[in-house]
Amino acid sequence: MTTFIRPALRLLYIVMMLGLVGSCGGGSGSTPPPPADEDSSAPPADTTPDFSEADRAFEAFVEESSVFDGISYVVVDADGTLHTGIFGDHTEDTVVMLASTSKVPAVMTLLALEADPDVSFDMDQPIGEVLPFEGVYGDRTPTQLVSNTSGIPGLRQLSVYGPHLCQYSFDEAIEFEACGQILLSVPLPDSHDAGSIFDYGGSQWQLAGVTASIAANASWNQLVDQYLVTPCELQVFTFGNMWEDLTQWDGTAASLRGQLNPNIEGGAITDLADYAKILQIHLNGGYCGDTRVLSEAAIAAMQVDRGGVVAEDPVPYGMGWWIRTETPGVYDDPGAFGSVSFLDVERGFGGYVAIDDYTRTDAEAPVQLVRQEIIPLLQAAWDAAKN
């Protein structure tokens, strides 16, 4: 299988690893609320938050950056989109590769599958009981796989992945399930017992997707379509696999490769509107329109700390969400290129920030901007409007 992987690919993945672990003119869509009217017969004052300070911070970021020509974001609550900000060369229709910001939608797909009465799939069942082939990691469960606690070496060991690199190729000769068999059966150096260590990303995520597909007798993208795209009426969102050559992506869905061997942890593409709908599910009790996509229990399960309770290298992490312990109630899912999604469950809003520079020159900068400046500005605007 390794004959299909180009020699330069390994270097690309090492760079990707560093970013993923490290992440561990413009326009605006909001207007200030009108002044209160003392006339008691007037309608109630507008309580929509004024996010203009966050807009100015994003605009300044683009103006001062020598790397990023554009950035855009959307803020949602349980009822819908509150605000959209577009800066630089972005538009509302800009489509981006998400990298690890794919992880939350991937987990949502798995949990929706688990709830399907027509499919036998259990997040806590060892994958060896589902997969039609044997291997050294058969005792791991999907819950462990997508909480990075399976004991399977993550992206930190990418340089010794060898045949496991099949998961990052769009070569049509590499089949999704066949690659999964390699991941299950070829042991990696420094493997650990399940549930003993936090080790972010990599083969464990791909195994979760392969197990789901085999359990449902469907491709991964068929599952994504069934449980997310169709009920939420998403227009762009899907999974592919561009890691072998990022330069082949031209910003359009038509250029996406690797749909037959999609990368589960980092292969999705989206626009602002689609990801806004995905986030809204986490704030409205699990719905897209009138269709229940996830149970409230499933949403809560994604936020339970599993990565921070292991014995070795503990890091607060749920399933798809990093847990921001310094800001209670805040969860985020950053990607290697700088895109990031986040929730503030105590206040009841979430957001998604899109980045379309794939050079990885300064990919941590947008994530740090969001964590250190943007989220506090959004929280302050929310509190001012609601209190």
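Quick note: structure is the one above.
Residues numbered from 1 in each chain as written. Predicted model: local features only at pLDDT ≥ 70, side-chain atom pairs only at ≥ 80, totals over all residues. Heavy atoms only, no water.

(A) Region of the structure containing the pairing of strand E11 (residues 340-344). When you tally the buried positions in E11, you get five out of five residues, the bulk of the element. As paired strands, strand E10 (residues 330-334) and E11 are joined by five bridges and run antiparallel to one another. In the strand pairing of E11, Tyr-331 is matched with Leu-343. Relative to strand E12 (residues 349-354), E11 runs antiparallel, the two being bridged by five bridges. What sits directly across from Asp-344, in E12, is Phe-349. Hairpin connection of E11 to E12: four residues between the antiparallel strands, including Gly-348 at a positive phi of 95 degrees. (Buried < 20%, exposed > 50% of the residue type's maximum accessible area, 1.4 Å probe, protein only. Helix = DSSP H or I, 4+ residues; strand = E, 2+ residues; numbered from the N terminus. Pairing = 2+ DSSP bridges.)

(B) The environment of Val-62, seen in detail. With respect to the secondary-structure elements, Val-62 resides in helix H2 (residues 52-64). Put simply, Val-62 and Pro-366 are 304 residues apart on the chain and 9.8 Å apart in space, counted from C-alpha to C-alpha. Non-local contacts of Val-62, meaning those with residues more than four positions away in its chain, are made with Phe-68, Asp-69, Gly-70, Ile-71, Phe-87 and Gly-88. (Contact = heavy atoms within 4.5 Å.)

(C) Here's a closer look at the packing of aromatic side chains. Evaluated as defined, the whole model comprises 15 aromatic pairs. With centroids separated by 6.1 Å and ring planes inclined at 20 degrees, the aromatic side chains of Phe-58 and Phe-87 adopt a geometry described as stacked. With a gap of 29 residues between them, Phe-58 in helix H2 and Phe-87 in strand E3 (residues 80-88) connect regions that are remote in the sequence. Geometrically, the ring pair formed by Tyr-317 and Trp-322 is edge-to-face, given 5.0 Å between the ring centres and 85 degrees between the ring planes. Just as Tyr-317 is buried, Trp-322 falls in that class too. Aromatic rings pair up to connect Phe-198, Tyr-200, Tyr-317 and Trp-322 into one cluster. (Phe/Tyr/Trp six-rings, centres within 6.5 Å; stacked < 30°, edge-to-face > 60°.)

(D) Spotlight on the nonpolar core. Within the largest apolar cluster, 95 residues are counted, with the highest numbers of intra-cluster contacts made by Trp-220, Leu-294 and Tyr-352. The leading source of residues in this core is helix H3 (residues 103-115), at eight residues. Once you skip the residues sitting within four places of it in the chain, Leu-294 turns out to touch Met-108, Leu-111, Ala-112, Ile-281, Gly-285, Gly-286 and Ile-299. Ranked by size, the runner-up nonpolar core spans 26 residues in total, among them Ile-71, Val-330, Ile-375 and Trp-382. (Core = buried A, V, L, I, M, F, W, Y, C linked by side-chain atoms within 4.5 Å.)

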